[in-house]
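Residues per chain are reported as follows:
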Amino acid sequence: MTQHDFCLIIDFGSQVTQLIARRLRESRVYCEIHPFQNVDAAFLKARQPKAVILSGGPGSVPQADSPRAPDYLFEMGVPLFGICYGQQVMMAQLGGCVESGHHAEFGRAYVEPAKEHKADGIFAGLFESGREQVWMSHGDRVTVLAPGFDVIGTSPNAPFAMIADEARRFYAVQFHPEVHHTPNGAQMLGNFLRLAGFKGDWTMGAYREEAIAKIRAQVGSKRVICGLSGGVDSSVAAVLIHEAIGDQLTCVFVDHGLLRQNEAEQVVNMFRDTYNIPLIHADESELFLGALEGMSDPEAKRKTIGKLFIDVFQKYAAQIEGAEFLAQGTLYPDVIESVSFSGGPSVTIKSHHNVGGLPEKMGLKLVEPLRELFKDEVRALGRELGLPDTFIGRHPFPGPGLAIRCPGEITREKLEILRRADAIYLDQIRLHGLYDDIWQAFAAILPMRTVGVMGDGRTYDYALALRAVTSVDGMTADYYPFTHEFLGETSTRIINEVRGINRVFYDCTSKPPGTIELE
């Protein structure tokens, strides 16, 4: 737990609550998200947040059993900001009125300034163009303001779209300032943070020093093992822990034979040569590929790989005498998602973690130095630690590796074809300066052969699908709009340079309805 002043976000179940936290972190303010049912007077007195934001949510305030904030919150004397459902909760608990049955409002809307009140406080600098574009998502609405509040802005279906009680520093809006569809929402949140007196001292330089001190205090003279996947999260965690405890850390890199071209060599060289971190390179590709032979069901592939990973990791970890801690690259979104909106805290960390279940099975204690960070903050910490941009800026890569980019039966031949084609595709993206504009890009070899013509001969080879998406967090995604020239050039290179491919497709499906990966 950090010692910084922090802003508490009380979560009422909104799908975009994490965006509030991301906006605050971008302003270098430390914040935490806690479900409403976990926040009571005792929590507030113990943690002493400097300010509190009430999130949106799917509930309906007029219903008797709908979620509420603790009454003590309104007696603390700290600035409050209610968003959507949070505004309605604030009004209901402070003496206003919220009603159902009015015209619902979803999507883009425009808020006009109220003539009788100036836009200042957290609304300072707004309405310079006459009105504010915002993003609405509500069925209920406030119909009577609580005592002490004034209306600052109004929309056709939200007469109290922006409200303020300047004396108590209570503010609320009916729309969502955290989404990018509200262009000046970040300014509004920034105004709130300044008004609350935050210094903006949440930096990765400070976090690095604090995390190192915590790791040393937790581990002492004991040994730590880290399951290294070669991805950004586990790699940043490993470098940070090594900086804290040196050779007390040993990394285990399980090579399942499903990595991209030259990936194992790159990971091993970086950790052994550049950072001089003790590393066991467990080349178990024959074991994994043998177990996957003849298997085509995607879920069976995932389960087989997951089980073998645990078995192999356990085997090599047993060679490290005196290890008492297991390091994981758990991130803050993993922590948030392990606490359900309706069910309270859960002991289950997301099941897709490569080392899921190992701490209990091996009797190890966890070291999770990234559990307070979002993905973009992990990348920033990686830069602070000196990891090369070419590494920490890499696109996400799934734990099962190329197994889920090879629909149908996996063979060594198909994997080799896929590695070469994928490398050319990513090379093309880099040559055209597009890599950093794309969240994730990859090739997948399809379970089909097609007829082609090369020279004067007939071919009957595999078809390849190319995929590239833009996203903020991977929860939703849109396909990347390559030019036809780029696609044509890339297709030509792949077919000319990779024996075994004679046709290339581009996947232009968004998520939803599709997923990012094919399996």
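Below is a short write-up of the structure. (Residues numbered from 1 in each chain as written. Predicted model: local features only at pLDDT ≥ 70, side-chain atom pairs only at ≥ 80, totals over all residues. Heavy atoms only, no water.)

Regarding the overall build of the protein
From N to C terminus, the protein includes 15 helices and 22 strands. The C-alpha atoms of the protein give 26 Å as radius of gyration, which agrees with the globular expectation for 519 residues (24 Å, within 12%). With the C-alpha coordinates aligned to their principal axes, the bounding extent of the protein is approximately 80 × 60 × 40 Å. Within the protein, the fraction of its 519 residues that count as buried is 54%. (Helix = DSSP H or I, 4+ residues; strand = E, 2+ residues; numbered from the N terminus. Rg over C-alpha atoms; globule rule 2.2 N^0.38 Å. Buried < 20%, exposed > 50% of the residue type's maximum accessible area, 1.4 Å probe, protein only.)

Some remarks on the sheet that holds strand β12 (residues 223-228)
For sheets, the rule is that strands pair by backbone hydrogen bonds, running either parallel or antiparallel. With respect to topology, five strands assemble into an open sheet ordered β14-β13-β12-β15-β18, the strand pairing being parallel. Edge strands, defined here as strands with exactly one partner in the open sheet, are β14 (279-283) and β18 (365-367). Pairs of neighbouring strands in the sheet enclose a mean axial angle of 30 degrees, with direction left out of account. (Pairing = 2+ DSSP bridges. Axes fitted to C-alpha atoms, helices over the stretch in contact; angles between N-to-C directions.)

Thoughts on the packing of helix α14 (residues 412-431) against helix α15 (residues 484-497)
Close contact between α14 and α15 brings their axes to 10 Å; oriented N to C, the two are set at 145 degrees. Judged by the twist between their axes, the crossing of α14 over α15 is right-handed. Residues A421, I424, Y425, D427, Q428, I429 and L431 of α14 lie in contact with α15, whose contacting residues are F486, E489, T490, R493, I494 and E497. Each residue belonging to the contact of α14 with α15 can be placed in one class, and the counts come to seven nonpolar, two polar and four charged. (Left-handed = near helix turned anticlockwise from the far one by under 90°. Contact = heavy atoms within 4.5 Å. Nonpolar A, V, L, I, M, F, W, Y, C, P; charged D, E, K, R; others polar.)

Observations regarding the nonpolar core
Residues L73 and M90 are the most contacted members of the largest nonpolar core, which totals 77 residues. When residues in this core are grouped by element, the largest group, nine residues, is from helix α6 (residues 232-245). M90 has contacts with L54, F74, L80, F81, G82, F149, F170, Y171 and A172, leaving out every residue within four places of it along the chain. Judged by nonpolar contacts, the second largest core, of 48 residues, contains V252, F309, L364 and I410. (Core = buried A, V, L, I, M, F, W, Y, C linked by side-chain atoms within 4.5 Å.)

Concerning helix α3 (residues 85-94)
Of all the ten residues making up α3, eight are buried; the element is thus mostly covered by neighbouring parts of the structure. Directly after α3, the chain includes G95, whose backbone phi takes a positive value near 110 degrees.

Section: the pattern of salt bridges
Within the structure shown, the criterion is met by 27 salt bridges. It is possible to trace a salt-bridge network through shared partners that takes in D5, K50 and K199. (Salt bridge = Lys/Arg side-chain N within 4 Å of Asp/Glu carboxyl O.)

Comments concerning the pairing of strand β20 (residues 457-470)
The element β20 is extensively covered by neighbouring structure, given that ten of its 14 residues are classed as buried. Looking at chain direction, strand β19 (residues 440-454) and β20 are connected through twelve bridges and run antiparallel. Along β20, the bridge assignment pairs A444 with A465. Here β19 folds back onto β20 in antiparallel fashion, the turn holding two residues, of which G455 has a positive phi close to 65 degrees.

Considerations on helix α4 (residues 185-196)
Taking 1.5 Å of rise per residue, twelve residues should cover 16 Å, and α4 covers 17 Å from first to last C-alpha, within 8% of that figure. Here α4 has its buried residues at G185, M188, L189, G190, N191, F192, L193 and A196. Buried-residue contacts for α4 involve α1 (17-26), β3 (51-54), β4 (80-83), β10 (158-165) and β11 (170-173). Where α4 ends, the next residue or the one after it, G197, has phi of about 90 degrees, a positive value. (Expected span 1.5 Å × (residues − 1).)

Considerations on empty space enclosed by the protein
Applying the stated rule across the entire model yields one cavity of 30 Å³ or more. Space inside the largest cavity adds up to approximately 40 Å³. Every residue along the wall of the largest cavity is listed here: D5, R28, V29, Y30, F198, K199, G200 and D201. Grouping the amino acids of the lining of the largest cavity by side-chain chemistry returns three nonpolar, one polar and four charged. (1 Å grid on protein atoms, 1.4 Å probe; cavity = no way out; pocket = protein on both sides within 12 Å on 5 of 7 lines; lining within 4 Å. Points joined across faces, edges and corners; volume = space filled by probe spheres on them.)

Quick notes on the environment of G185
By the element assignment, G185 lies in helix α4. Taking the relative accessible area as the measure of exposure, G185 reaches 0% and is therefore buried. In this structure the C-alpha to C-alpha distance between G185 and F123, which are 62 residues apart in sequence, comes to 9.7 Å.

Topic: unusual backbone geometry
Look at the link from K511 to P512: it is a cis peptide, with omega at -15 degrees. Tracing the chain through its elements places P512 in the segment after β22 (501-506). In the segment running from P512 into P513, the intervening peptide bond is cis, with an omega of 15 degrees. In this structure, P513 sits in the segment after β22. The phi dihedral of N276 is positive, around 55 degrees, even though this residue is not glycine. With respect to the helices, strands and loops of the structure, N276 is situated in the loop between α7 (263-274) and β14.

So, the side chain of T330
Relative to the assigned elements, T330 resides in the loop between β15 (323-327) and α10 (332-337). Look at T330 and you get buried, because its relative accessible area is 0%. A polar atom in the side chain of T330 sits 2.7 Å from the side chain of E368. (Polar contact = N/O pair within 3.5 Å; in protein donor to acceptor, adjacent residues only side chain to side chain.)

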